[in-house]
Structures are given as C-alpha cells and as structure tokens.
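# Geometric and topological summary
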Amino acid sequence: MNLVRSLKAALQDLYDGAALMPLWWRVAVEQTVTRYRRTLLGPFWLASTTLATAFSLSVVFGSIFGGNFRDSMPFIMIGVVAWSMTGGLLPDSANTFVSGAGIMQVQKLPVSFHAYLQISRALINFAHQVVGLWLVLLVMGLAVVPHWHLLLTLPIVLMAGFFLAIPLGMLSLRFRDINYMVSFVAQAMFMLTPVFWRRTQMPGHLHWIVDLNPFAHLLEIIRQPMQGHPAPMGDLIASLAFMVSVALLAVGSLTFFRRRVVFWL
Amino acid sequence: MTTSIDLKDVTLDYNLYSVRAQSLRNAVLNMAVGGRLMRSGKDVTVIRALSNISLNLREGDRLALVGHNGSGKTSLLKVLAGIYEPTAGVVDVRGRISSMISMSIGLDAEASGLQNIRNLAMMQMMPDREIKRRLPDIVEFSELGAFVHMPFKTYSAGMMARLTFSVATQMDADILIMDEWISAGDAEFQKKAAARLTSMVDKAKIVVIATHDLKLAATVSNRVMTMEAGVPTFLGTTAEWVERSNPA
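Residues numbered from 1 in each chain as written. Chains lettered and ligands numbered in written order. Predicted model: local features only at pLDDT ≥ 70, side-chain atom pairs only at ≥ 80, totals over all residues.

## What to know about the overall build of chain A
The test is simple: What counts as a helix is a DSSP run of H or I of at least four residues, what counts as a strand is a run of E of at least two, and both are numbered from the N terminus. Throughout, radius of gyration means the C-alpha value; the globule benchmark is 2.2 Å times the number of residues raised to the power 0.38.
The number of helices and strands found in chain A is 13 helices and zero strands. Going from N to C terminus, chain A has its helices and strands arranged as α-α-α-α-α-α-α-α-α-α-α-α-α. Whereas a compact globule of 265 residues would reach a radius of gyration of roughly 18 Å, chain A reaches 19 Å, a difference of no more than 12%. With the principal axes as the frame, chain A shows a C-alpha extent of 60 × 50 × 35 Å.

Right, dumping it as structure tokens:
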C-alpha cells in the first residue's frame, strides 16, 4: 500500500518536473550564459575543447590506422562530439544533485527537475559543439547533410541521459566517492568505446567490449545519422533497451529515495 | 481560495550518516545540535528535528518562530515550504508560497545584484515581462542604488538581506516564509521591512518568520511559537508571549 503510494509519488514527480519545462529550460540557458560570462567565445569554448580533442585524435589515429583521410576524419570528429552527448555525460550526470544543492535547499521542486535541468544544459552544449563541428567540416569540405533519423535518435539519447541522471545523481550524492569513481570510469569508457576506432579493427574475441557497452550503441545512433547514414537497427534496439532499463532504475530510485534526497545534500 | 497553513502532529526525522553513533559523542552532539539524537542501527544516527508540531494559521497571521540555533526553526520553515516532507503527520498548506530561507544560497556571486534579482524572480516562475515591470520597485525598496550593478560578491550581509527581502516581498505570494537573516539589515531597513510585512497582512496573507531577535519578533508578529530541540514550548499571541517573558 505504502509502496504503491511511493510509486505514484515517483511518477508524479517525473510528471511535475516535465511540466516545469519553461523553468528548467530558462535556468539551463541562464546557467550556460553565467558560466561563460566575460568570455569572448562563450559556450564555444567548451565546443573548442571537444573539437581540439577530436581534431588531434583524428590526425593521430587516422594516420596510425591508415586508410582514407576523408573517411577517418569525419568519423573520428563526429564520434568525439557524439561521445560528449552520450558517455561524456557521465560526470555531469553524477553531479546532477550536487550542483542543484543550492536550489534544492531553498525551493520546493520535483526531484526530477534537476535531471531535466542537467540534460538541458547538456543539449545546449551539444548544440554549440555541433555548430562548431559543422563549421570545421565545411571548411575542410567534409560536411554532409545529416540523416533524418537523428530526429528520432537524439530524443532517445536525451531520454536515456535524463533517466540515468536520477539514479546516478542520487548514488553519488549519498556516497561521495562515486563522483570520483565516475570520472575515471568515464575516461576508461571513452577508450573502450569505438569513438576513434572501429569495432571491425578489434580482434573478434574482443567484440564483446563493444557489444555489451551501452554507450557504444548510443554513440552509434547519433554518429551514423550525423554522417548521413540511417541509424543501424541493432544499435537502435540496444539503445532503446538501455533507455528502458535506466527509466526503470530512475522510477525505482525515485520510489524509494525521493523524500530522502534533500537530506543527503 | 483562502490561504491557510495547518500542521497536525508533524514529526521530522532524518538520518545523519557521517556520525558514528557512540554514546559519548552522541551526548556531546546532543548538546551541540540541539536536536534529539537517537540510536538506530550501527552507523546511522536519526535526528529528530521536529517533534509533534501542530499549528493552524489563517489569513492575517504573522507567526514568529523563536528559538536558539538548532532548535528546529529552519527545519519547520522547510517543512512549510515543502522542501522537507515530514516523517509523520499531516501538512496542509494552501496558497502560493514565496520562501526566502537562505540569504545567499542559489545566488550567483559573480553576477550583478540586478541579474540576481532577475534570477530569483525567474525561480518563482515570474515571466520576463513581469520581472521588467517590477524591477524598479524592487531596486527602490532595497535602497541599493548604484550597487545593483555591482557583482553580488561585493555585497555586505546587510545588502544581501535587503536584496533578498525586496524580491521575496514582491512576489505576489499568499504565504511568505523567511529565515532569521532579516535581522541582518540595519535598524532603518528593519523598520521599513517590518512595515512592509505588516502591509502584506493587509492583503490577507500569512507570514512566517524564524528569528532569535526577540525585539523583531515582538514588532512584526501577532503570533509567536517558541521551540526547543524540535519541540514547541509555547504557542500563542504575541501579547501573551511578551507578558509571559516579562512577568512584572
């Protein structure tokens, strides 16, 4: 009986959070502006960090792996940008409630509000990166028109990131070690995910590293459409499955810990 | 809709994880925190921040919560504001709440006072147009003058209090919840603040203020609740309370 009530409250929390969209979107924009106040390029600074990484990686690994430069360059650059919207979200997701601590202590808001806020900030950053990326690709004559599948796959990735932020954010709020752990896990995942290498370059007995890695699938359903190809069906299904699993985790953690989160701050 | 606050047997417990519950330490903490520490399990200490609080406030009530640091005033404010959900009991709050529980949390130290006013108003869901319309009033009431263009980090505690108070009282809320920082302003501003609070009641609103400034409590409130270690020790009108505390 009590559990049913808690479950209802959890779902209500997700719904109330969504209804506050005008607020979290405004706050996300405001926080992005604030973060880059008094800088010349603003959020494009973050984009240039990613693009610099992408560019260096594509020069180094493009030549190590050989093959066509016109092929490997966009593959790696788009891969790094797509990573920042998938696995690259891990450290920020872990900070969802830590960074929301100020607001949480002074204002009544649904717990999910902070996850919506987190994913909006991520989307704003991603948009800047995409603009920067396209400019670079245009200059190099490598730009392609994205496949319409992106309109379908980006929301899946956003939803997965949103749901993931809730249990991960709670966990790292309750146990402060998790935060540090997440940053090195994210770093390791970056290497273990085919961002700047291809699954086919791996020996067959190591393919499981890619196949069992949810971020590899999420990455692919963003990268392929951005390169002008349809999203691969296998990756799409795996991504959907991942999204559903983290959604269940999110609902579960909201059911059991929603009321306690504020006391963990 | 009428504005009201009804609490029935509200109890708030929360877990303190970092404290290893040991008897001596427990006893020391008990004195320091003011909350009642209870042992449950091994490493988790449950703090009873509020215990069996019942309270009914109607339109026109200005309640002052009086008590020492750690007596549960802020916890009670947070329950009223909906930030904390009580462990037991019923909380029924009707009306739009504007809560100013912290003076600086949620404010941006780098941004100007003006920008912070906008941010505070934004968090209260005020549309941009409305913010623009009210900005002059808020700035004028705060008496910050040209300082509104300075970064918030250059403000003194009194100036922060002025800014936050000015925003909080311009929010069209039915219920205003404020923590004790109101006393950070200077005497003149406090007088003005007290007048503003009184006028808010004329618009049929409820005000709840936590303070340890007894004089302030006597000026702005018409009801007083004193608290000790999360337990209400007195609840009545300000007149009764003044009479009780000055038996002569």
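## Remarks on helix H2 (residues 21-35) of chain A
Residue and element names in this part refer to chain A. Here is the rule: What a helix is expected to span follows from its residue count: subtract one and scale by 1.5 Å. Three exposure classes are used, all based on how many other C-beta atoms lie within 10 Å of a residue's own C-beta (placed from the backbone): buried at 20 or more, exposed at 12 or fewer, and partly exposed between those limits. Working definition: the arc comes from the directions between the helix axis and the C-beta atoms, pointing outward to the latter. Note on contacts: residues are paired as contacts if their backbone-placed C-beta atoms lie within 7 Å.
Its 15 residues give H2 an end-to-end C-alpha distance of 21 Å, which sits within 8% of 21 Å, the value for a rise of 1.5 Å per residue. All of the buried residues along H2 are Trp24, Val27 and Ala28. Looking straight down H2, one finds its buried side chains confined to an arc of 105°; they lie on one side. Against helix H8 (111-139) lie the buried residues of H2.

## So, unusual backbone geometry
Most peptide bonds are trans, and most residues other than glycine sit at a negative phi. One non-glycine residue with positive phi stands out, namely Asn52(B), at about 45°. With respect to the helices and strands, Asn52(B) occurs in strand E3 (residues 45-57).

## Some remarks on the packing of helix H4 (residues 69-85) of chain A against helix H12 (residues 214-226) of chain A
All names here are of chain A. Note the following rule: Every axis corresponds to a line fitted to the C-alpha atoms, with the helix fit spanning only the stretch in contact, and the corresponding angles, defined between N-to-C directions, vary from 0 to 180 degrees. Orientation labels follow simple angle bins: below 35 degrees gives roughly parallel, above 145 gives roughly antiparallel, 65 to 115 gives roughly perpendicular, and whatever is left gives oblique. Left-handed describes a crossing whose near helix is turned anticlockwise from the far helix through less than a right angle; right-handed describes the clockwise counterpart. Gly counts as polar in this scheme, as do all residues outside two lists: the nonpolar Ala, Val, Leu, Ile, Met, Phe, Trp, Tyr, Cys and Pro, and the charged Asp, Glu, Lys and Arg.
Their axes nearest at 9 Å, the elements H4 and H12 cross at an angle of 135°. On the basis of the axis angle, H4 is oblique to H12. Along this stretch, H4 crosses H12, giving a crossing that reads as right-handed. Contacts from Ile78, Gly79, Ala82, Trp83 and Met85 in H4 reach Leu219, Ile222, Arg223 and Met226 in H12. By residue class, the composition of the contact of H4 with H12 is seven nonpolar, one polar and one charged.

## Some points on the domain arrangement of chain B
Often, the extent of an interface is quoted as the loss of accessible area upon association of its parts. All names here are of chain B. Counted only if it meets this: Either an automatic procedure or a domain database provided the assignment from which the domain bounds are taken.
Split into domains, chain B comes out as domain 1 (4-95 + 209-245) and domain 2 (113-204). Contacts between the two partners involve 18 residues from domain 1 and, on the opposite side, 14 residues from domain 2. Within the residue set of the side of domain 1 that touches domain 2, elements represented by two or more residues are helix H2 (73-81), strand E8 (206-211) and helix H7 (214-220). The element best represented in the side of domain 1 that touches domain 2 is H2, accounting for four residues.

## Focus on the packing of helix H3 (residues 44-64) of chain A against H8(A)
Residues and elements named next belong to chain A. Where H3 meets H8, the closest approach of the two axes is 8 Å, and the angle between their N-to-C directions is 60°. Taken together, the axes of H3 and H8 are oblique relative to one another. For the element pair H3 and H8, the recorded crossing hand is right-handed. Residues Phe44, Leu46, Ala47, Ser48, Thr50 and Leu51 of H3 lie in contact with H8, whose contacting residues are Asn125, His128, Gln129, Gly132, Leu133 and Val136. For the contact of H3 with H8, the residue count by class is six nonpolar, six polar and no charged.

## Brief notes about helix H4 (residues 128-142) of chain B
Residue and element names in this part refer to chain B. Which entries qualify depends on this criterion: The bend at a residue is defined as the angle formed between two axes, one fitted to the seven residues ending at that residue and one fitted to the seven starting there.
A rise of 1.5 Å per residue sets the reference length of H4, with its 15 residues, at 21 Å; its end C-alpha atoms lie 20 Å apart and thus fit the reference within 8%. The sharpest bend along H4 reaches about 45° and sits at Arg134, with the proline Pro136 one to four residues further on. Following H4 by one or two positions, Glu143 adopts a phi angle in the positive range, close to 55°.

## As for the interface of chain B and chain A
Residue-level contacts link 19 residues of chain B with 14 residues of chain A. Where the side of chain B that touches chain A is concerned, the elements lending two or more residues are strand E1 (4-16) and helix H3 (113-123) of chain B. Looking at which element gives the most residues to the side of chain B that touches chain A, the answer is H3(B), with three residues. Its residues assigned to classes, the side of chain B that touches chain A shows ten nonpolar, six polar and three charged.

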